[in-house]
Every structure is written in C-alpha cells, then in structure tokens.
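Tertiary structure, described
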Amino acid sequence: MGEAPDLSDEQFVELLRNMIMIRSLDGRMLKLQRAGRVGFVGTATGLEASLVGAAAPLLPKDWMWSGLREGGAAITRGLPLFEYVAQMYCNSNDSAKGRQMCNHFQHKGSNYPSWSSVIGTQITHGVGAAYASALRGEDVVHSIHFGDGATSSNGFHSGLNLAGVWKAPCVFVCIDNGWAISVSSAQQTAAESYADKAQAYGMPGVTVDGNDVLAVYAEMQTAVERARAGGGPSLVVLKTYRMLGHSSSDDPSKYRDDAEVQSWAERDPLKRYEAFLIERGLIDSSECAAQEKAIVAEIDEVIHEQEAAPPFPLRSLVEDVYSEVPRHLRVQFNQFLEVAERRGDATRGDGAFPL
Amino acid sequence: MIEFKLPDIGEGTAEGEIVKWLVSAGDAVKEHQAIVEVMTDKATVEVPAPADGTITELLVGEGDIVPVGDVIFRLDNGGGAPAQESAPEAAAAPAAPAAPAAPAAPAAPAAPAAPAAVAPQPASSGGKVLAVPSARRVARELSVDLSTVAGSGRNGVIRRADVEAAATGGAAAPSSHPVVAPTTAQAQRIPFRGVRRKIAEAMVRSSQTAVHFTIVEEVDVTDLVRVRQKAKAIGAEQGIKVTFMPFIMKAVANGLMKFPMLNGHLDEQAEEIVLPGTVNLGIATDTPNGLIVPVISQVESKGLLQLAAELGDLSERTRAGRVRPEELRGSTFSITNAGNIGGTIATPIINFPDIAILGVHRIVKRPGVVDTPEGEVIEVRQYMNFSCSVDHRLADGADAARFVAYLRQILEEPALLSL
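Presented here is a report on the structure given in the accompanying data block. All residue numbers refer to positions counted from 1 along the written sequence of the respective chain. Chain A is the first chain written and ligand 1 is the first ligand written, with later ones labelled in order. In view of the model being predicted, local features appear only for residues whose pLDDT reaches at least 70, and side-chain atom pairs are presented and counted only at 80 or more, with totals across whole chains, interfaces and linings using the full set of residues. By convention in this description, side-chain values take in all heavy atoms of the structure and omit both hydrogens and water.

Focus: the overall build of chain B
The test is simple: Helix numbering and strand numbering both begin at the N terminus, where a helix is a DSSP run of H or I of at least 4 residues and a strand a DSSP run of E of at least 2. In this scheme, a residue with accessible area under 20% of its type's maximum is buried, one over 50% is exposed, and one in between is partly exposed, where area comes from a 1.4 Å probe on protein chains only. Contacts are assigned to residue pairs with any non-hydrogen atoms lying within 4.5 Å of each other. Each accessible area value is a Shrake-Rupley result obtained with a 1.4 Å probe; residue values ignore everything except the protein chains displayed when judging cover.
When helices and strands are counted, chain B shows seven helices and 19 strands. Residue burial in chain B is summarised as follows: out of 419 residues, 42% are buried. When contacts within chain B are restricted to residue pairs at least 6 apart in sequence, those whose partners lie at least 24 apart make up 62%. Surface exposure of chain B reaches about 21,700 Å², of which carbon and sulfur atoms provide 54%.

Describing helix α7 (residues 397-412) of chain B
Residues and elements named next belong to chain B. Applied cut-off: An expected span of 1.5 Å times one less than the residue number is assigned to each helix. Directions are taken from the helix axis to each C-beta atom, and the arc is the one they span.
Taking 1.5 Å per residue, 16 residues should reach 22 Å; α7 reaches 22 Å between its end C-alpha atoms and fits that length. When α7 is considered as a whole, its buried residues turn out to be D399, A400, F403, V404, Y406, L407, I410 and L411. Buried residues in α7, looked at end-on, bunch into an arc of 155°, giving them a common side.

A short note on the nonpolar core
Where a protein is soluble and globular, its nonpolar side chains tend to be buried together. Let me state the cut-off plainly: What we call a nonpolar core is a set of buried Ala, Val, Leu, Ile, Met, Phe, Trp, Tyr and Cys residues that are connected through their side-chain atoms within 4.5 Å.
Among the nonpolar cores identified, the biggest contains 64 residues, and M29, Y84, V171 and Y273 of chain A are the most heavily contacted of them. Of all the elements, helix α1 (residues 9-34) of chain A adds the most residues to this core, at eleven residues. For Y84 of chain A, the contacting residues outside a window of four places in its chain are L25, M29, G71, G72, I75, L79 and F105 of chain A. Core analysis: the second largest hydrophobic core is formed by 50 residues, V221, I296, V404 and I410 of chain B among them.

Considering the interface of chain A and chain B
The following threshold applies: Once two parts are brought into contact, the accessible area they lose, counted with a 1.4 Å probe and summed over both, makes up the buried area. In what follows, salt bridge is the name for a side-chain nitrogen of Lys or Arg lying within 4 Å of a carboxyl oxygen of Asp or Glu. We call two N or O atoms a polar contact when they sit within 3.5 Å, provided that within protein one can donate a hydrogen and the other can accept it, with sequence-adjacent residues counted only if both atoms are side-chain atoms. In this classification, Asp, Glu, Lys and Arg are treated as charged, Ala, Val, Leu, Ile, Met, Phe, Trp, Tyr, Cys and Pro as nonpolar, and every other residue, Gly included, as polar.
The interface of chain A with chain B comprises 18 residues on the first partner and 19 residues on the second. Overall, the association of chain A and chain B removes approximately 1,400 Å² of surface from exposure, summing both partners, and the carbon and sulfur fraction of that is 48%. If you sort the residues of chain A by the area they bury against chain B, K31, R34 and S249 of chain A come out on top, with a joint share of 41%. Remark: the boundary between chain A and chain B carries one salt bridge. The partner of E31 of chain B in a salt bridge is R37 of chain A, and the shortest N-O contact between them spans 2.7 Å. At the junction of chain A and chain B, the tally comes to eight residue pairs in polar contact (both at pLDDT 80 or more). When residues of the side of chain A that touches chain B are traced back to their parent elements, those giving at least two are α1 and α12 (287-307) of chain A. A class-by-class count of the residues in the side of chain A that touches chain B yields four nonpolar, six polar and eight charged.

Here is the structure:
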C-alpha cells in the first residue's frame, strides 16, 4: 500500500465500507439482471479502490462527471441507495423518470450529472462546466472520469486541450482497466502510458496503482488541491482491472486469458485494503464478512421495496418538454393510451388528456 | 407461484441453450441462488432464482434451445395465485423437451386473403440474411446456405433449430406457418427493386406533384395512312423503317412551336416555368427491363426520314440496353404509344417534370361522314385517338384543346406537316 494519507480512523474504515458496498451492489445487480429483473448492468468489480479513492478527496460542492462504472462512487458522495436501485428498475422513484437506460445514474444532490453511453462526451461537458465555475469565481473542482478507451475519443483531445489552455479547475481520471470492451490497451495506444498524453496538453500526468485505495486517494488529493488552487488540470491514470465482463451482455473469456484475470485477482483491492486495516489494528479479520452481510441485507431490503414500486405513469412520456403538453402530443398520447389499456399496460394516473 | 420466463440476458438475445440444471424439482431455493446454466450467443451465465421458494417443475431439458420469454421453471414462493411474473401470453404448454415452441407469430396485419404472405420466407432482404450468431456458426459447420433457410424467430430471424432442420432435410423448425406446396399458379412475392422501383418512384412523384388532366381527340388518319405507305417505300430504299411515329413527332413539334406553353418544364427551385423553344421528345419505350424514355432532340428542325432513322436506332438500342444516360435526359414533352396495343383512351402520366405528354392509340377502321362535292357520304375511314395529359398547374384546358385540335388538323391533312 502507498503511504497512508492523513485520515481519521473512521475515515479509513469508511473507505473499506464503501468498497464493500460497491462490490455487494455489483453482485446483487448482476443477479437481478440474470433473472431478468433489471435490464442491464455494468459492474465495477475490481475497480472499487479506483472509485472510492478518487471520490473521497472531493468536497460536497465539487462535481463528478462519470462513465459507466462510477455509480458506486456516487453512493459514497450521497446518492441514496434506494435511488440507485430505483434507477436500475427505472421505476417511479427514479430521478431520471425512466428516461435513461439502467445503470445510467444521476444525482443532483451530489453534483453527479447523468451520463451518456457515447464514449468521452462527459469529458467536454465536464471541462465546460469547470471553465464556467472558474468564470463565476466558484471554488469548485470538477472530477471527470472515463475509461482507457475514451482516450481515443474526440472528447478526450478537445477536453484536455482546452482545459489545459483555460487552466480549468478539473481533474481527469482515466480508469485504465486494461480493456475497452474487447480492445486491449496494446491495441488502444502506442504510448508507453495513458498518462504520457498529458504532456501534449501541458498538464501533469501520473499513473497510479488503481488497486491501492490509499495511493489513489493521495494522488487525487494532490490533483484536486492543485485544481482548487488555480494550478489547472491534471491527468490521473488509475491502473486497475475489470474483473467481470464489460457489461452483463459481455463474455470476457472470449478475448482475455484466465491467467491474466488470475494475476489481477491476486491484487484484489478489497483484500489488500483489508490487510492494511487489520495490520493497523483498525479492524479485525471478521470485520469484512460482517460488514458485507449487513450491507447485502440492506441492499436486498431496498431491492424488494423498489421492485414493488410502480413504474412512472405513462403520461410522463409527454411531459417535461413543454410547459403545457401541446395538442398534437395529447392526441398521440390518448391514442397510445387506448392501446396500452387494451394490452393491460395502463395503470392509475395514466388518464387521457382532455382535448 | 412464479412462472419463470427465460430472460433476455444479453441485450437482444433471441434464445438460449439450457446447459445444466443446478437444482431439481422439489428443491427449496433462496433468492439469487443459481438455478440453471444457460448459454446464449453472447455468453454462458447462471440464471438465479427470483425469490425464495420451492422449485415445483423444470419445464425444459438440458440441451434444449429455448426462445427468450418461454417459461422454463415454476417456483412456488407461497404467493398463491399462479402466473405471478408471467406475461399475459406466457401460459406456454409444458413443452415437450424437443420442441422449443416458436415465439408466437406476431399477428400479421397483412392482407388476410394472401396465405403466401405468411408462408415461411427465407429471411433475406436485399441480400441480407437475418440469423442469430449460433445459427450462422452451425450453418457454416453444416454447409447450409442461410439464404435458403426459413426463419421461425421474431421477424423471420433464422434460429439455430431452423438451420439444423434444414441440414437434415426436414421441415423447418416447429412453426405455426403452413408450408405452401409449389404449384404452377402459385402466388408470388417479387422484390420491389431496380427498374420497377425507379419507375414507381418516378410515377409517384409525377402523380403527386403535377395536377393531371387529360383531353382526348379523335383524328381521321385515312390520308396519313396513305402518305405513310408511300413514305415507307421511300424509306425502305435507304434502309430506314418509317412508322407512323415520325409523322406524329413532326406534328407534335409543329404544334408545340405554335403552343409553346406545353413544351418545357417547371423549375420548382427557381419558381420558373422553363420554355426552351426547342422540342426534345421523350419516346416511351417498352423494354424487357420496363418502361424507358429515350429522348430525340430538336425534333422541330429535323425531316421525317431523319426522325425515322433516329427513332429506329434509338429504340433498338434502348431495348438492347445500350442507350447512353445522356440520351435519357432533357425531354421537353413525351409521347407514349402503349395504347397501340388496346384501349381507346388513356390518362397518361406526365414524364415529370415535363408539362405534358401525348398518348397515341391504335388505328381503327370505322364508318365516317365525309364531305364530298356530291354532299355528305359515309365511307370506311381510319381513325386514331390521342390522349393528351397536361399539368394543370402550368397550362389550362384551352391550351390543351387548341394543341390537340391543331394536331388533328395537320395529321388529317399530312401536307400541312411541312408548315
């Protein structure tokens, strides 16, 4: 493990709890997906240290611009567990109102904007927002997360280039998990390291052991403080490994070796951090299992509660774009409702619009 | 009771193979406990129990290929009422293991009178065969040409079972579609492509844009028949085949020089009616590939024999498919003679964006009233009808009436053609 940052005992243990939460959530969501209860899951198993360590140095007022696997990090910053699960079910408690695919989280309360499946778009969005924060004189840092594959996107170049020019208060967090779906890093870039790319944009670039939550924390803290002090952006590459498929639709055994997966299993971020905490005397060897049990029970309770929640009323389909639903949409909706009623898909609150 | 349907475990998978049951009927299971291993085109995964309970029935066997949405096991979760999770249509028969029921065919809104419309179609459209990846692999292994396989999956997608059935020469996969035995009078479904489609697009554009009206004129061509007979002999000396068409073309050219508002086209972008002052006649020609309209230009300045020669050459090359693209462009007016086969009048569709078109009908013998120095007498006369369609946006009925009246005048007295 890297040099321990200056944290309280509670903060040290909190990092562990957050990592266990992410792993437990992944396990449960994947089970739900396999049983056809939710549609799609992108897990962060193996990346827990990279998520938790990167999010922890941010202040509540800071912003986090995410990719597919950062949902767990949002939980550590205040996204309620029930909202996370509601989003997976796209039910009536989903703050995105079912208008996002599963596993596409958002949380206004912790400045966690909804993300797009289109690779790398959050980079330019985040840079723009960071620039705006600077122009407004806000003391806010924007942490922009993306994968190794996104370094080949237009957004990466445009975003890092302008952030460098503008000295935007942001940190680029590249989660290099070795594989962009089935494209290996060797196929992705001829550069020695993704961090080398920072040089071209006039900012510091650093590669960190992404399976060491304390090392991640320390480097992120440096980068966040630099951004907050007006020193401009940096690129922090977290070298880690996605232990499961790209998503619930992917079979990684088709493109990577068991030996490679095994070598990373031996570097499991949770086990490493657990060993550190035990050695430091902050927990005993039963702590992890006990925490996991409690967390899984909490998750299951939330799942059952959210599974029972109704979907959004059908009429939400035509709301929120116009202040008053215009006639052509009301006509269409009423026709749609007839079909839905015939099929038994309509529920309370779906009533037709008066024309 | 929960009827557990095989979920779409990989964003758009169509079916899964039951690899291995991890429980037996009667087993008590916990929520999230692995129940069955399923292999899809994308991955092999363990499908877990949706709730605590007792497995009451496993409905499919290991090795079976099951469409997504079929009930694969029943789980008593103490919930009483049956079919808790099943969709309304899901009361699938406890499938005999060998017969994965095809997903219910979507009720075809298509013409109920056409049984051929629901016959299994090779799932090819435009050369693209729709098949799930495992079906493609099996097809390669068994050397089955996928374009010959009828698909029983959703939207005619070929499933693995279809390929296997095709390979063994058996009937296609279990299917609700009746197989229609070929007969000589079988209904056909012909791909709507190529020239036919181009013609259709041109016709739709014309009929939906131009405001067609048609005026029909009867012309006494008794004298023209006689003149043409003589011209035919003269043409033959030079190896030129002289039909009636050059006379009609000449008359049309003369008429259009006199009534230029029917000769040209509308330039919609410029919002201008273009009247070019020269007559380029499109001649609708029936070819093995369909209707093609080659153009003979500057008809007003050419003699009858020259027109006959050009027409013979152009129509021969058009039928042989050797017409050059530039010879198919630039018409200012068109003539169609499809009516010479039958019919007495027609409503020709304008060769868009021309202003007008003339349909030429066959010559018929009929009694006619003729003025002679001895007074009116009834004679055997020969008549030809002309159907002229005009875009009413650009010209009016009076223009068209004057034009066809003028055609009649000069064709009834062929000497006037030299005007």
